[in-house]
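# A structural walkthrough
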Amino acid sequence: MPRPIQALIHTGALRHNLARARAAAPDAKVWAVVKANAYGHGIERVYEGLRGADGFALLDLGEAERVRALGWRGPILLLEGVFDPRDLELCSRLGLWHVVHETRQIDWLAMHKTHAPHRVFLKMNSGMNRLGFRPEAFRAAWARLDALPQVEEITLITHFSDADGPRGIASQLALFNATTQDLPGERSLANSAATLRHMGAQGRTSSDAEGLRSDWVRPGIAVYGSAPDYPEHDAAHWDLHPTMTLRSRIIGVQQLQAGDTVGYGSAFTAQQPMRVGVVACGYADGYMRVAPTGTPVLVDGVRTRLVGRVSMDMLTVDLEPVRQAGLAADVGSEVTLWGQAGNGAVLDIDEVARAAGTLSYELMCALALRVPVEVTD
Ligand SMILES: *Cc1c(COP(=O)(O)O)cnc(C)c1O
């Protein structure tokens with residue numbers, strides 16, 4: 001029998017969350033962002049749940065080929081554009097749309113031989129200072145692209161640094177709008193946080209969105225059921241459902257006496273007699289080694305906590321709250337590290353991530369290859 005650890009991908013939740021993003025921006029087309037192997041879920045595994053999107057956005061050319069291999073004939077966007085002039089051949093062959101954020105990418109396009117002109121997304125650096133042309137260089141880049149026979153259509157794109165927080169999007173949006181005012185073409189501005197918080201037909205949290213036009217929104221994390229602005233809001237606030245569950249089982253139980261310690265470094269000491277369960281899940285499965293004592297876990301759907309240090313293949317949980325709930329947790333009991341328990345209880349991945357000082361994004365992406373994955377509804 002294999003180790004009892006398993007990840008579940010919930011197709012119905014993906015479909016539901018995509019619908020939530022659509023409802024927040026009802027006039028926009030929706031890119032389902034599937035970069036990083038669909039945030040660790042697996043592109044092939046999310047395809048059924050996300051095929052109702054208007055397009056797929058990602059950044060690895062191999063991943064673009066995989067989406068085409070699934071039979072997707074609609075738009076695919078390379079969020080970082082091409083990395084090498086030869087990549088443009090693949091763009092022509094597979095009909096990939098690509099971001100242009102750098103002068104060299106325009107040079108390469110100008111030398112590219114293609115029958116079918118490309119759809120490009122010209123990126124402005126409106127303050128994130130990651131990718132894109134600064135506002136003062138943006139219009140010249142646009143004019144150069146517009147003059148190229150290799151270019152069919154130019155969409156204007158930028159990315160917000162603070163759509164999830166108190167700084168908001170107002171100053172970046174004002175700069176973007178001032179620079180692009182009279183330029184034609186569609187716009188793509190909003191990630192999950194901007195879509196839900198600043199476009200959201202319901203639950204909008206700011207008036208920053210005055211002038212926020214995003215013909216294509218780009219939700220990633222919301223589609224995977226996590227709140228982009230946790231802990232200000234949680235997934236339930238945005239009516240998002242978990243799309244990834246990480247489950248395992250208890251493979252050993254120890255009865256501790258007061259003063260006994262648990263695991264490497266004796267990082268946890270029992271204050272009174274207590275039972276702990278040893279779970280077949282460790283950092284080699286993608287669970288965070290830095291998760292401290294107290295990180296929430298569900299045993300048989302009952303909320304309890306991690307105790308002691310996470311090791312490579314195992315971690316330890318407090319079984320006292322489970323006993324207090326009237327359940328006799330033992331070897332074989334189900335443990336939910338995040339997502340949906342068998343009894344329907346949900347452990348927010350956002351809460352687990354926060355306990356470990358990180359974000360749900362990182363947990364999802366870190367799901368290890370050795371964990372068997374099942375797609376369910
Ligand atoms: C990853 C990414 C997104 C999606 O961001 P979320 O916070 O997951 O919604 C959108 N746009 C760009 C350019 C990205 O790189």
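Preceding block: the structure.
Residues numbered from 1 in each chain as written. Predicted model: local features only at pLDDT ≥ 70, side-chain atom pairs only at ≥ 80, totals over all residues. Heavy atoms only, no water.

### Focus: the site of the ligand
Taken together, 13 residues surround the ligand, and among them Lys35, Tyr39, Ser192, Ile221 and Tyr361 come closest. Within the side chain of Tyr361, a nitrogen or oxygen atom sits 2.6 Å from an oxygen atom of the ligand. In the complex, the protein chains occlude 93% of the 390 Å² of accessible area that the ligand would expose alone. Judged by its atoms lying within 2 Å of the grid points, the ligand is housed in the largest pocket. A breakdown of the residues in the shell around the ligand according to their chemical character gives 6 nonpolar, 4 polar and 3 charged. (Near = heavy atom within 4 Å. Polar contact = N/O pair within 3.5 Å; in protein donor to acceptor, adjacent residues only side chain to side chain. Areas by Shrake-Rupley, 256 points an atom, 1.4 Å probe, with all protein chains shown as cover. 1 Å grid on protein atoms, 1.4 Å probe; cavity = no way out; pocket = protein on both sides within 12 Å on 5 of 7 lines; lining within 4 Å. Sits in = over half its atoms within 2 Å of the grid points. Nonpolar A, V, L, I, M, F, W, Y, C, P; charged D, E, K, R; others polar.)

### Section: the pattern of salt bridges
What the rule picks out here adds up to 25 salt bridges. Between Arg323 and Glu320 there is a salt bridge; the shortest N-O distance is 2.4 Å. Here the residue Arg323 and the residue Glu320 both occupy positions in helix H10 (residues 320-324), the gap between them amounting to 3 residues, near one helical turn. Look at Glu320 and you get buried, because its relative accessible area is 14%. Because the salt bridges share partners, they merge into one network encompassing Arg3, Asp285, Asp313 and Arg370. (Salt bridge = Lys/Arg side-chain N within 4 Å of Asp/Glu carboxyl O. Helix = DSSP H or I, 4+ residues; strand = E, 2+ residues; numbered from the N terminus. Buried < 20%, exposed > 50% of the residue type's maximum accessible area, 1.4 Å probe, protein only.)

### Side note on unusual backbone geometry
Here the bond from Tyr230 into Pro231 is cis, since omega is 5°, no more than 30 degrees from zero. Relative to the helices and strands, Pro231 is located in the loop between strand E9 (216-217) and strand E10 (244-256). Of note in the backbone geometry, Asp239 takes a positive phi value of approximately 55° without being a glycine. Among the structural elements, Asp239 can be located in the loop between E9 and E10.

### Some details on the side chain of Thr358
In this fold, Thr358 is placed in the loop between helix H11 (349-355) and helix H12 (360-365). In contact with Thr358, not counting residues within four places along its chain, are Ala353 and Leu363. (Contact = heavy atoms within 4.5 Å.)

### Overview of empty space enclosed by the protein
This model, assessed by the stated rule, comprises 1 cavity of 30 Å³ or more. Estimated volume of the largest cavity: approximately 70 Å³. Each residue belonging to the lining of the largest cavity can be placed in one class, and the counts come to 8 nonpolar, 3 polar and 1 charged. (Points joined across faces, edges and corners; volume = space filled by probe spheres on them.)

### Concerning the layout of surface pockets
Put simply, the largest pocket is a space of about 880 Å³. If you trace the largest pocket, you find 39 residues lining it, with Lys35, Tyr39, His159, Asn191 and Tyr361 closest to the centre. Contributing elements (two or more residues each) for the lining of the largest pocket: helix H2 (35-39), helix H9 (192-199), H11 and H12. Among the residues forming the lining of the largest pocket, the class breakdown is 20 nonpolar, 8 polar and 11 charged. When residues of the lining of the largest pocket are assigned to domains, at least three fall in each of domain 1 (11-224) and domain 2 (244-376). Its boundaries defined by the atoms lining it, the second largest pocket holds a volume of some 190 Å³. Considering the residues around the second largest pocket, the lining is formed by Asn37, Gly40, Gly42, Arg45, Cys365, Leu367, Ala368, Leu369, Val371 and Val373. Residues of the lining of the second largest pocket, tallied by class, amount to 6 nonpolar, 3 polar and 1 charged. Taken domain by domain, the makeup of the lining of the second largest pocket includes at least three residues from each of domain 1 (11-224) and domain 2 (244-376). (Domains from an automatic or database assignment.)

### Quick word on the pairing of strand E2 (residues 29-33)
Taking burial as the measure, the 5 residues of E2 include 4 buried ones, the bulk of the element. As defined by bridge partners, E2 adjoins E9 across 2 bridges and the pair is classed as parallel. What sits directly across from Lys29, in E9, is Trp216. In this structure, E2 lies alongside strand E3 (residues 55-58), joined through 3 bridges in parallel fashion. Opposite Ala32, over in E3, you have Phe56 as the bridge partner. (Pairing = 2+ DSSP bridges.)

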